[in-house]
Amino acid sequence: MAAHLSIRDLTCRFGGLTALDHVSFDVMPGTVMGLIGPNGAGKSTLLNCLCRIYQPSEGSIRFEDADLLQTRAHDLCRAGVGRTFQNLELFGEMTVRDNVLVGCDFRLGAGFWSDLVRGPKTRRAERQATELVERELEALRLAHCADSIVSTLSFGEQKRVELARALVAAPRLLLLDEPAAGANPSETEQLGRLIRHLRDARGLTILLIEHDMSLVMDVSDEIVVLNHGQKIAQGTPAEIGTNPDVIEAYLGEDLEDA
Ligand SMILES: Nc1ncnc2c1ncn2[C@@H]1O[C@H](COP(=O)(O)OP(=O)(O)OP(=O)(O)O)[C@@H](O)[C@H]1O
């Protein structure tokens, strides 16, 4: 089976600092790849290269048939790549429903002239968007608070709003940037179930960047470990949990208990 996401020799330098050093790995369709590493390992840099925020110095990133390095940041959604953010990037004073509706923007635009006069195409697109949003709110157990102002919700609910907004755009690759940061243990457990559901029921390919080792070990099919910008290991959670190089890199953190 061909890889869904293929990263080859990805290298990113900031002046004299090599934040990513010839990192290569593949993510297979419909699997969860965990990306871990101690602070400063290069995880965010890799995500920023994927999201076209940083321009790597060398290497390639292919997703399906596309060269992602030729894709502009604002076209990633159209290319099938969705993401959530480490620090929630929501419109705090808007309702849950309106926040999620924002995610439909590219998918259902009817065109400038139709939108201007609110023609039939635009009205059809609006109906479709409403249906999509309601479906996603239901799926993510947010229907009960659809009309609530986002900033009044719990942290876990806000995380689900962000996820719903990414999902209405029907991504095929989902990038999750520390989704468990700030979540309590029960929210993290729910998140794990949700990630597995997105993989198993929707067939999404997921790249999960996460510090919470219990979540990564729980949901990942495979894990890539970075340290000082280099890939030091790749394998199943069981292999990674007992890998001496990984344990060495995480000295002080108990991987086996995670
Ligand atoms: N825009 C930048 N300019 C200069 N250096 C940067 C920049 N972004 C990241 N770095 C450096 O690159 C290295 C990797 O950082 P990065 O944020 O990718 O690590 P990380 O694994 O995400 O760490 P953390 O888990 O702490 O978020 C660090 O030494 C960091 O200081």
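Above this note sits the structure.
Parameters at a glance
- Residues numbered from 1 in each chain as written.
- Predicted model: local features only at pLDDT ≥ 70, side-chain atom pairs only at ≥ 80, totals over all residues.
- Helix = DSSP H or I, 4+ residues; strand = E, 2+ residues; numbered from the N terminus.
- Rg over C-alpha atoms; globule rule 2.2 N^0.38 Å.
- Buried ≥ 20, exposed ≤ 12 C-beta atoms within 10 Å, placed from the backbone.
- Contact = placed C-beta atoms within 7 Å.
- Near = placed C-beta within 6 Å.
- Nonpolar A, V, L, I, M, F, W, Y, C, P; charged D, E, K, R; others polar.
- Pairing = 2+ DSSP bridges.

### Thoughts on the overall build of the chain
Right, so step 1: From N to C terminus, the chain includes 10 helices and 10 strands.
Right, so step 2: Its C-alpha atoms give the chain a radius of gyration of 19 Å, near enough to 18 Å, the size a compact globule of 258 residues would have.
Right, so step 3: If you line up the chain on its principal axes, its C-alpha atoms span 60 × 40 × 35 Å.
Right, so step 4: Of all 258 residues assigned to the chain, the portion counted as buried reaches 36%.
Right, so step 5: Here the contacts in the chain between residues at least 6 apart in sequence split such that 66% fall between residues at least 24 apart.

### A short note on the environment of Leu175
Right, so step 1: Within the fold, Leu175 resides in strand β7 (residues 173–177).
Right, so step 2: Along the backbone, Leu175 and Leu215 are 40 residues apart, and their C-alpha atoms lie at a distance of 15 Å.
Right, so step 3: Residue contacts for Leu175: discarding those within four places in its chain leaves Leu47, Leu50, Val81, Arg83 and Leu207.

### Details of the site of the ligand
Right, so step 1: Surrounding the ligand, one finds Phe14, Leu17, Ala19, Gly37, Asn39, Gly40, Ala41, Gly42, Lys43, Ser44 and Thr45.
Right, so step 2: Only β2 (17–27) and α1 (43–50) provide two or more residues apiece to the shell around the ligand.
Right, so step 3: Tallied by class, residues from the shell around the ligand come to four nonpolar, six polar and one charged.

### What about the environment of Arg72?
Right, so step 1: Structurally, Arg72 is set in the loop between β5 (66–67) and β6 (81–84).
Right, so step 2: It is 29 Å that separates the C-alpha atoms of Arg72 and Val216, two residues lying 144 residues apart in sequence.

### A word on the environment of Arg199
Right, so step 1: Checked against the element boundaries, Arg199 lands in helix α7 (residues 185–202).
Right, so step 2: Residues Arg199 and Pro171, spaced 28 residues apart in sequence, show a C-alpha to C-alpha distance of 12 Å.

### Focus on the sheet that holds strand β1 (residues 5–14)
Right, so step 1: Pairing within the open sheet is antiparallel, and its four strands lie in the order β2-β1-β4-β5. Two strands lie at the open edges of the sheet, namely β2 and β5, each paired on one side alone.
Right, so step 2: As judged from the two bridges shared by strand β4 (residues 58–63) and β5, these two strands associate in the antiparallel manner. Across the sheet, Phe63 pairs through a bridge with Ala66, a residue of β5.

### Quick notes on α1
Right, so step 1: Most of α1 sits inside the fold, with six of its eight residues counted as buried.
Right, so step 2: For α1, every residue scored as buried is listed here: Lys43, Thr45, Leu46, Leu47, Cys49 and Leu50.
Right, so step 3: Looking one or two residues past α1, Arg52 carries a phi angle of roughly 65°, positive in sign.

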